[in-house]
Amino acid sequence: MFGIIIKNITGRKWRSTALIFLTAVLSLAIFAGTVTVQALRNGFANLENRLGADIMVVPYEAITKSSLDDILLQGNTGYFYMDSKYLEELSQIEGVGQISAQYYLASVKAGCCSLPVEIIGYDPETDFAITPWIKKSSGEEIGYLDVVVGNDLNAFVGDTIQFFDTDVHVAAKLEKTGTSYDTQVFATRETVQTLIEASLNKQLNEYNNINSGNIVSCILINVADGYDVEDILNEINVHNNDIEAVRTTNMITGISDSMVGVSKITGVLIVAVWILALGILIAAFLMVTGERKKEFAVLRAMGASRKKLFSMVLSEGMMLSLIGGVVGVGIGIVIMIPFSGLIEAELGLPFLLPSVVTIVAVSLLAIALTLVSGALTAALSASRIARIDTGSILRSGE
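Residues numbered from 1 in each chain as written. Predicted model: local features only at pLDDT ≥ 70, side-chain atom pairs only at ≥ 80, totals over all residues. Heavy atoms only, no water.

(A) Spotlight on the pairing of strand β6 (residues 160-163). Alternating positions in β6 separate cleanly, Ile 161 and Phe 163 being buried on one face and Thr 160 and Gln 162 remaining unburied on the opposite face. Strand direction decides the pairing type here: β6 and strand β7 (residues 166-173), joined by four bridges, are antiparallel. For Thr 160, the partnering residue across the bridge sits in β7 and is His 169. Linkage of β6 to β7, two consecutive antiparallel strands, is achieved through a turn of two residues, within which Phe 164 is found at a positive phi near 55 degrees. (Buried < 20%, exposed > 50% of the residue type's maximum accessible area, 1.4 Å probe, protein only. Helix = DSSP H or I, 4+ residues; strand = E, 2+ residues; numbered from the N terminus. Pairing = 2+ DSSP bridges.)

(B) Quick peek at the pattern of salt bridges. Tallied over the entire structure, the rule returns four salt bridges. Between Glu 190 and Arg 189 there is a salt bridge whose closest N-O contact spans 3.1 Å. Given a relative accessible area of 35%, Glu 190 falls into the partly exposed group. Relative accessible area serves as the criterion here: at 26%, Arg 189 is assigned to the partly exposed category. Each member of the salt-bridge network shares a partner with another, and the members are Asp 123, Arg 189 and Glu 190. (Salt bridge = Lys/Arg side-chain N within 4 Å of Asp/Glu carboxyl O.)

(C) The side chain of Thr 36, seen in detail. Mapped onto the elements, Thr 36 comes out in helix α2 (residues 13-51). Excluding its chain neighbours within four sequence positions, the residues that come into contact with Thr 36 are Met 336 and Phe 351. (Contact = heavy atoms within 4.5 Å.)

(D) Broad picture of helix α7 (residues 189-201). With 13 residues, α7 should reach 18 Å at 1.5 Å per residue; the first-to-last C-alpha distance of 18 Å fits that figure. Among the residues of α7, Thr 191, Val 192, Gln 193, Leu 195, Ile 196, Ala 198, Ser 199 and Leu 200 are the ones counted as buried. Directly beyond the C-terminal end of α7, a positive phi value near 55 degrees is found at Gln 203. (Expected span 1.5 Å × (residues − 1).)

(E) Quick peek at the packing of aromatic side chains. Enumeration according to the criterion identifies four aromatic pairs in this entry. Ring geometry for Tyr 79 against Tyr 81: centres 6.1 Å apart, planes inclined by 50 degrees, an arrangement best described as tilted. When sorted by exposure, Tyr 79 lands in the same class as Tyr 81, which is buried. Their ring planes at 85 degrees and their centres at 5.6 Å tell us that Phe 80 and Tyr 104 sit as a pair that is edge-to-face. In this pair, Phe 80 sits in the loop between α4 (68-73) and β2 (82-83) while Tyr 104 sits in strand β3 (residues 96-106), placing the two residues 24 residues apart along the sequence. An identical accessibility class is assigned to Phe 80 and Tyr 104; each is buried. A network of ring pairs unites the aromatic residues Tyr 79, Tyr 81 and Tyr 207 as a single cluster. (Phe/Tyr/Trp six-rings, centres within 6.5 Å; stacked < 30°, edge-to-face > 60°.)

Shown next as structure tokens:
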């Protein structure tokens, strides 16, 4: 029986190829859709962890220069500054718990800089947003003129790179986060202030009249226990016209809504493709079974039982479905893993592929569902075999 099944598959290459293609499309849709949804969930979870603050305060001009959603999602901070006096003033507001400043600088595509990237400075003594990620990757303190590079950047631990003709040492490389961290460079406050001075000296900074020691770009605030975030937010915005305080959870909610929308669309597409592929598979198997009536009648005349014929058709369908399922998952892996960065850029949302264990589990699930779908359609067509009239078919010559 197995030999007959193999001959049936290899002897009808076009038919077998078409059925494998249909099952591969089904498997690919299940695998790619499931991995995409899980990657979005992972990226969003990392985004929440990355923020680690209740309130973000930026100069008012930053709102018009670059949307805060872009800052959160893609790290398109550009660079902007406000007087460092706000750090001290905001720290005095009752209810402000943790508070820390960040310092932004964008390198340029010029001979002075090894990489055109966003550079973010932080204060190790007060920071609660970036430091946990750096410690997780390096486990060591980052010193003066040391930098930590994002996972997607073409720089590695031990390298020396230049920003504005200033050499810096790559002390660590972040693990993959699926957020804008993957394409940014991080350094301590002192290092970034030195780089800002270097950019001013080379006249490559759009701000001419600033003192790198008296500026900050962004202030992150965690509200103390027992205090309301909205009260602190209103207190900042009412009494300060040159800065803007925003609640990070509001932005996360908008991003979350976007992710939910993408997840729903992906889920609908998976179901739609599954229904379409299932319908086409049923039609294809029924058509193939109809074309093979004489073959089945001959096998019956040679002594093959109806149960044997049913088993043969079912086995053929499952074997083709298994091959298609493996092919579809293989194509999905080739597309999803190498091009995850491009997918993230197109979606405009945090995107972090799940672990190898999860990908293997999703692969097995996609193959199993494809196999079950193929078995069901093959069983439906095989059931027609039990109803064929061997004598009339052989007499008619159909």
